[in-house]
Amino acid sequence: MTLNTKTHLLLFSVFVLAACEKVIDLDVPVPEPRLVIEGRVENGQPPVVFVTTTRGFFEPTDLNAFAETFVDDAEVSVNGIALQRICSDEIPPALAPLFEEATGISAEATAGLSICGYVGTDPALIGEENTTYRLEVNARGQTLTSAAHLPGVLAPDSVWFRLWANSPRLGYAFMKLTDPDTTGNAYRVFTRRIGPNENNNDTDPTFYPPPGSAFADDFFNGETIEVFFVRGQPPNSSRPGDTGETARFFEIGDRFVFKFCSTSYPVYDFFRTYEAQQGSAGSPFAAPNNLNTNIEGGLGVWAAYACTFDTLTATP
Amino acid sequence: MKIPQVLILKFVIISALCAPLSVQGQGVVKGIVTSAGSGETLPGATVTADPSGKGTVTDADGRYALELPPGKYVLTYRYVGFGENERELRIEAGTSRTENVALAVATLREVQIDAARQAHLKGTQMGTTDLDMELIETLPAFMGEVDLLKTLQLLPGVQAAGEGNAGFYVRGGGPDQNLILFDGAPVYNAAHLLGFFSVFNSDAVDDVTLYKGGMPANYGERLASVIDVRQRSGDKNDFHGRGGVGLISSRATLEGPIKQGKSSFIFSGRRTYIDVLTRPFINEDAAFSGTKYFFYDLNGRLDFNLGEGSDLYISGYAGDDAFGFNSNQTEFSTDVDWGNRILTAGWRKRVGDKALFNLSGTYTNYRFGFTGGQDEFELRVRSDIRDYRLQPDITFYLGGHRINAGVLYVYHDVSPNNSSAVQGETVFDLGEQQQFFSHEGAAWIADEFDLTDRLRIEAGLRISGFAHVGPFNRFVRGEFRTNSDTLSFGRGERVAEYFGWEPRFQFRYTLNERSSIKGSFTQNYQYIHLANLSPLALPTDVWLPSTDVTAPQLGRQYALGYFRNLFDNAVEVSAEVFYKDMRNLVEYKENTQPQDGVGNNEDNFLTFGRGYAQGIELFLRKVKGKTTGWIGYTLSKSERQFDALNNGMWFPAPFDTRHDLAVTAAHAWSEKWTFSANFVYGTGRPITLPESGYFIENRLTLQYGARNSFRMADYHRLDLAATYHVNPVRTVTDPVTGELREKEKRVQSKWVFSIYNVYSRLNPYFYYFENEGRIEENTFNITARQVSLFPILPSVTWNFSF
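Figured I'd write up the structure that's included with this text. (Residues numbered from 1 in each chain as written. Chains lettered and ligands numbered in written order. Predicted model: local features only at pLDDT ≥ 70, side-chain atom pairs only at ≥ 80, totals over all residues. Heavy atoms only, no water.)

On to the overall build of chain A. Of the regular secondary structure elements, chain A holds five helices and 18 strands. Among the 316 residues that make up chain A, the fraction classed as buried is 54%. Restricting to contacts in chain A with at least 6 residues of sequence separation, those with at least 24 account for 69%. Counting only carbon and sulfur atoms, one obtains 51% of the accessible surface of chain A, whose full area is about 13,200 Å². (Helix = DSSP H or I, 4+ residues; strand = E, 2+ residues; numbered from the N terminus. Buried < 20%, exposed > 50% of the residue type's maximum accessible area, 1.4 Å probe, protein only. Contact = heavy atoms within 4.5 Å. Areas by Shrake-Rupley, 256 points an atom, 1.4 Å probe, with all protein chains shown as cover.)

In structure tokens form, the structure reads like this:
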């Protein structure tokens, strides 16, 4: 067989296997904006709540347009205690990490904008185990409510780093967990690299949830399980370590914090559908479903977490 | 004056009872119509007796019987792809004579559709189409692979789901509402490669009949249609072979006698080889290195003439699709495979002069498997369905009545989405494996007769029943997505029972020699359902039987049509209107994920609703002359309503196509060249799009609008084909006389050149949305993208026979 024939065969094969793709314009009507809640309370931390609105899906999104979706005149209360409005251009340094983790955006990026959130500054609102936190939001003539139970803290039996079988330097975080013998236990995992390693990898400004971060004991109630997690990283990140073969991996030498949180089942149910939607990314093979919110009268999630932290160094 | 309904009813009953009396003193002509070449019987051949205008159609075994007043007649026998045969005979009162007829195969350039042109007017069947493989082979085909299911989708009322979809849709019904029979055995997934090819190797198929309107009482089990595919019998007299070599697959068939004139065999095989051809040329570092895909089919059939009017056949099919991805470039590995296994046996026995007894037994297995791994984690998902069927039935002639009666028993064994998962030494408890056992049965009787010279009736009653039996555990969901209680049923214990009446009625009223009106009513129950998580029809879709929570689907269809032949039967036209009402339709609840059925009953995640479909189908078909073909147009609407979906509002069915047009034409240009073309157009498929979005944890979240409230771009495509028939004879010198003479070549062949999607229309397969960049970097951007599968695609296939 001549090289030319081989080339044609290969070209033909690629021709058959490859699909054609093009960017299209879709004329989709924009519905009336709806209110969205993104709020959380953790053990030992004050509650932080953001109130935003939906936007037309295909409308342009720059930082200003993003900032305009934040509602800065809402009345927000938790367990009947009003939360204080704090905007990004006036945020106290002590609260910056909370803002960053809640929004997933660094304080530097939002410094020039007025992105407002609501923080529970009353000591009575500092998150405590086995406590239910009731949220009420009044904005634009609407009342949104929710309740989230902050469960007791449950620490993993152990957490460790292990190399991926085919790699001498990349690996995952493994966790051994003994689940209580009661149904409906739900969990969430976050990771954050905290120091540059010998390869000068980036550190993470905040915690990021890895894919599959939300799970419940549907299939392992009362059992001890061993599971692994990849590294959480920012969405659409273009940092060198977040792309290519090192994407989603921890690398030998990385120092990172493994944050393990217990939460309530409705919060898990929200993030279960959230991660399914993120994972399918508009795939035609997935059913087009909206998220299972725990907000009465609106969209989004009001979450309570009981968290523990393990600091690890990735070693072979 | 108003006539009481009871009097009308009495008139109909008395007329029916009197019909045999009115033909007393007549004579009977009966016989078997066979192929002169192979000796195969020809079901569906038409027999007309001029000048009486009476006619009939041969049954599944090629037999016919016609009662005629005493006199002299010319009987004309016709069958698709065969030349006509005429017999002159005299009928004596009270006598019966046998006329067995062997029809010679017509060449490709002859008229293809003779048989249908009389049945078109004189049969009671409506919404029914017979297609012969000889006709199908003349039409343009994707990658040169002749495909009968693709050809069926060019008929009005039958809508393709589009490229990359395994299913097709008949008169607003779902893909699970089509019963596809292969030698009487159901085929649960008739698609290879996401629907680009069907499992039916064209060399192994004799013909196919589609019932989409009035369904005879001997058919049931599905709401929308029956596609009855019959496998070829081998030649009982001579050995033959045929096959084809194409760009992506090849096929071969061998047939011949086992015992001369008494028994025969036929075996066929087909396999794609794009994986084999490309493997040596793909660099190990390439992104798709480690990817494999192929499918294959194996067909076989044995026929035995046992003498004394008795025949036996055994046929089988095995086929698989296999996809795999296992590359050293990534930690992921995947293997996906699915396929069918079918075994059938049938025994036919003529009983006396006017009855034919059939007994058939079939076994069907469809299975789907997925294995995915990453590092030490491995997930396996298996779905499996097995059917065991037994069906005795008898057809007999009583006076002017053609009566068919029979029973059907099916044992279903269904295992949907059974999963297992391991992580190193940890074995996850995914609950018990799900398995559903059930018995399905039906009994029917149907009578077809002439009530008057103009009015022909086919009335039938089918009774069906279904029992879901143990062993079975019904999990009752608790507060969370876990089970709070379990109801256990022992082996054979009844979990649920259903029973349904399925009346059938069809009539034909002849207006004149060239036109008739037909009407039909069909009521069906469907006890097994296909649940789709994806908007697309995929091999991952799960078949589920009726259970204590899943009631059988119920469908009622009303149809009325006008049929006319023009230009000495060269052109057939018809217009049919239909309305279909459907209950207990099945969908997954919103936000059900594939893994939710693990450790639970899969049907706990279903929700139930109703639907309707209505439309008009216009059909013009030219069946004589050098140019043949058809134009089919359908205007239709199909909607669904589920309390638990779309806020309880009605929404378009995923396959609702407002306008559907197909034009096909084949032209015999010369002895050597035949040209053909297809053009198809369909309104864009309904889809659900995100109308708005919001950010959670700095990631864009989609908020979808009303279900199926948008439509993709319209679908249209033109295909062309040219067939070159290699000269079938060669010139030789006679060794005795020394003269030149023509001798038929031992191997006959033809080249088929085809172009799929001539003007390279980028029809949408699906839309998806991509967001790039980051909000904080002011680079965030959303784009909508359309994926299309095939632009212009030329191909060439060499077909041969000997």
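Having seen the model, we can carry on.
Ranked by internal contacts, the top residues of the largest apolar core, which has 47 residues, are L148, F200 and I227 of chain B. Elements supplying a minimum of two residues to this core: α4 (148–152), β11 (168–170), β12 (178–182), β16 (205–211), β17 (225–231), β21 (291–307) and β51 (766–772) of chain B. Non-local contacts of F200 of chain B, meaning those with residues more than four positions away in its chain, are made with L148, L149, I180, F182, V187, A190, V205, V229 and R270 of chain B. Core analysis: the second largest hydrophobic core is formed by 34 residues, F50 and I115 of chain A together with F710 and Y767 of chain B among them. (Core = buried A, V, L, I, M, F, W, Y, C linked by side-chain atoms within 4.5 Å.)

So, on to the pattern of salt bridges. Enumeration according to the criterion identifies 46 salt bridges over all chains in this entry. When the shortest N-O distance is used, the salt bridge between D320 of chain B and R367 of chain B registers 3.4 Å. Taken together, the positions of D320 of chain B in strand β22 (residues 310–326) and R367 of chain B in strand β24 (residues 355–374) put the pair 47 residues apart, joining distant regions of the chain. By relative accessible area, D320 of chain B is classed as buried at 11%. A salt bridge links E587 of chain B to R707 of chain B, with the shortest nitrogen-to-oxygen separation between them at 3.8 Å. Residue E587 of chain B is located in strand β37 (residues 571–588), and its partner R707 of chain B is located in the loop between β45 (699–704) and β46 (710–711); the two are separated by 120 residues in the primary sequence. Residue E587 of chain B is classed as buried on the basis of its relative accessible area of 16%. Residue classification places R707 of chain B among the partly exposed residues on the basis of a relative accessible area of 22%. Through salt bridges with shared partners, a single network forms among R40, E42, R188 and K259 of chain A together with E697 of chain B. (Salt bridge = Lys/Arg side-chain N within 4 Å of Asp/Glu carboxyl O.)

Residues and elements named next belong to chain B. The omega torsion of the bond from G470 to P471 falls at 10°, within 30 degrees of zero and hence cis. Of note, P471 is situated in the loop between β29 (455–469) and β30 (472–477). Its identity as a non-glycine residue notwithstanding, N646 has a phi of 55°, on the positive side. Of note, N708 is a non-glycine position whose phi angle comes to about 55°, a positive value. Along the chain, N708 falls in the loop between β45 and β46.

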